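Residues per chain, in single letters:
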Amino acid sequence: MFGIHVRPSWWLPERAATEEKIHLDRRRLLRSFGIGAGLLLGRNAASLAPLLPGEGERRTGIPRRKNPDYRAVGRPLTPERLAATYNNFYEFTTDKRQVHMLAGDFRVEPWEVEFAGLFEHEGRYSVRDLEALVPPEERVYRFRCVEAWSMVVPWTGLPLGDLLRRLGLRREARFLRFVTVSRPEAMPGMKALPSYPWPYFEALRIDEALHPLTLLATGIYGKALPPQNGAPVRLVVPWKYGLKNIKSIVRIEATRKRPPTLWNRLQPAEYSWLSNVEPWKPHPRWSQATERRLDTGERIPTLPYNGYAAEVGSLYRD
Ligand code: MTE
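1. What to know about the pattern of salt bridges
At step 1: Counted under the stated rule, the structure contains 20 salt bridges.
At step 2: K66 serves as the salt-bridge partner of E138, at 3.3 Å between the closest nitrogen and oxygen. Taken as a pair, E138 in strand β4 (residues 137-144) and K66 in strand β1 (residues 65-66) lie far apart in primary sequence, 72 residues in all.
At step 3: On the basis of relative accessible area, E138 is assigned to the buried category, the value being 9%.
At step 4: In this structure, R256 engages E172 in a salt bridge whose closest nitrogen and oxygen atoms are separated by 3.6 Å. In this pair, R256 is assigned in the loop between β11 (249-255) and α12 (262-266) and E172 in the loop between α9 (160-166) and β6 (175-180), connecting sequence segments 84 residues apart.
At step 5: Among the residues examined, E172 registers a relative accessible area of 31% and is labelled partly exposed.
At step 6: Salt bridges sharing partners connect three or more residues here, namely E114, R177, R251 and E253.

2. Considering the packing of aromatic side chains
At step 1: Counted according to the given criterion, the structure contains 17 aromatic pairs.
At step 2: Relative to F106, the ring of F92 has its centre 5.3 Å away and its plane inclined at 90 degrees; by these criteria the two rings are edge-to-face. Here F106 lies in the loop between α7 (99-103) and β2 (112-117) and F92 lies in the loop between α6 (80-85) and α7, a separation of 14 residues in the sequence. You'll find F92 and F106 in the same group, each marked buried.
At step 3: Considering the side-chain rings of F115 and Y125, the 5.7 Å spacing of their centres and the 85 degrees angle between planes classify their relative orientation as edge-to-face. Here F115 is found in strand β2, whereas its partner Y125 is found in strand β3 (residues 123-126), with 10 residues between them in sequence.
At step 4: A relative accessible area of 1% places F115 in the buried class.
At step 5: Classification of Y125 by relative accessible area gives buried; the value is 0%.
At step 6: A connected cluster of aromatic rings, assembled from ring pairs, spans Y90, Y196, W198, W263 and Y271.
At step 7: Over the aromatic face of Y308 sits the side chain of R142, whose NZ or CZ is 5.5 Å from the ring centroid.

3. Description of unusual backbone geometry
At step 1: Going from W198 to P199, the amide bond is cis rather than trans, its omega being -10 degrees.
At step 2: Inspection of the secondary structure assignment puts P199 in the loop between α10 (188-192) and β7 (201-205).
At step 3: Omega for the bond connecting A231 with P232 falls within 30 degrees of zero, at -5 degrees, which places this linkage in the cis form.
At step 4: Unusually for a residue other than glycine, A148 sits at a positive phi of about 80 degrees.
At step 5: You can see A148 is positioned in the loop between β4 and β5 (149-159).

Rules and cut-offs
Counting of residues starts from 1 at the beginning of each chain's written sequence and follows it residue by residue. Under the rules for a predicted model, residues below a pLDDT of 70 receive no local features and side-chain atom pairs below 80 are neither given nor counted, while totals for whole chains, interfaces and linings still include all residues. Only hydrogens and water are set aside; all other atoms, that is, all heavy atoms of the structure, feed into the side-chain values. A pairing counts as a salt bridge when a side-chain nitrogen of Lys or Arg comes within 4 Å of a carboxyl oxygen of Asp or Glu. What counts as a helix is a DSSP run of H or I of at least four residues, what counts as a strand is a run of E of at least two, and both are numbered from the N terminus. Burial status follows relative accessibility: with a 1.4 Å probe on protein chains alone, a residue under 20% of its type maximum counts as buried, one over 50% as exposed, and anything between as partly exposed. Between rings of Phe, Tyr and Trp, where Trp is taken as its six-membered ring, a pair exists when centres lie within 6.5 Å; planes separated by under 30 degrees are stacked, by over 60 edge-to-face, and by other angles tilted. Definition used: whenever NZ (Lys) or CZ (Arg) falls within 6 Å of the ring centre and also within 35 degrees of the ring normal, the charge is taken to sit over that ring.

Written out as structure tokens, the structure is:
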């Protein structure tokens, strides 16, 4: 019933599931940011308490503020229904209109993201822990798929650079590697495409990851992400093609060496490692000069770096 929660049979205290040193490091880190014990146990423990006034503030995906610097992009917001029913999430199916039906019941609680490699505070963090470290905010961004459809979406997200700094990203780190959850029993597309090197993996250069536009999104349209949009946490890099915006992340690793990315490994001639929105570079099978608005169906010119050239153009001068 609403508001009454009991521990499921599989519930483990977090310390039982996490190596002791990592657990203690993480407790210390969160405490140093003034985050109390309720949050330390993530969603499991929090879900034991009845809903309280203000609980909405503490649920994932709820923006603490709308960032006024990212409110208008010169196009109206795409209706929420379209963003929720036209998706790419190959682990479920390649049929964009079916993803939301197959992903609807996908279990995203409990969930932890493991930060590994070149971090002072390596460890596993619940989404609530992450939102406690860096307040999520709402930003309206353009979104451009490599297949040439586009939308305008209000994301709730944590500026990734702020989070990396909080977690003590080490100076030697040059790249970030991201990995999606692998759950073939609940993701029929994984079995339907057995030749794909699952789980889905992506990567960014460290200057891209630290760029103020890059978000780790936990919500969309002011609510927690639904499974088809990559619940409970996904990457949003608005100047890159949608394929870089990896969904349902379980691992983020800081590395010295450049990690491979899934689409670049599968078809290097079609998908570059950087996959920036560069309308002057056609895909081998179609032009990238224009895009189809999901809301109106109208074809419009694609903007350099998806409209973010002033912010990110300097990253790619050479
Ligand atoms: N992430 C995973 N794990 N699996 C995928 O198939 N598809 C990518 C990206 N992230 C994909 C993924 C592609 S091609 C696009 S265009 C966007 O997700 C689509 O995001 P949306 O469905 O939220 O619009």
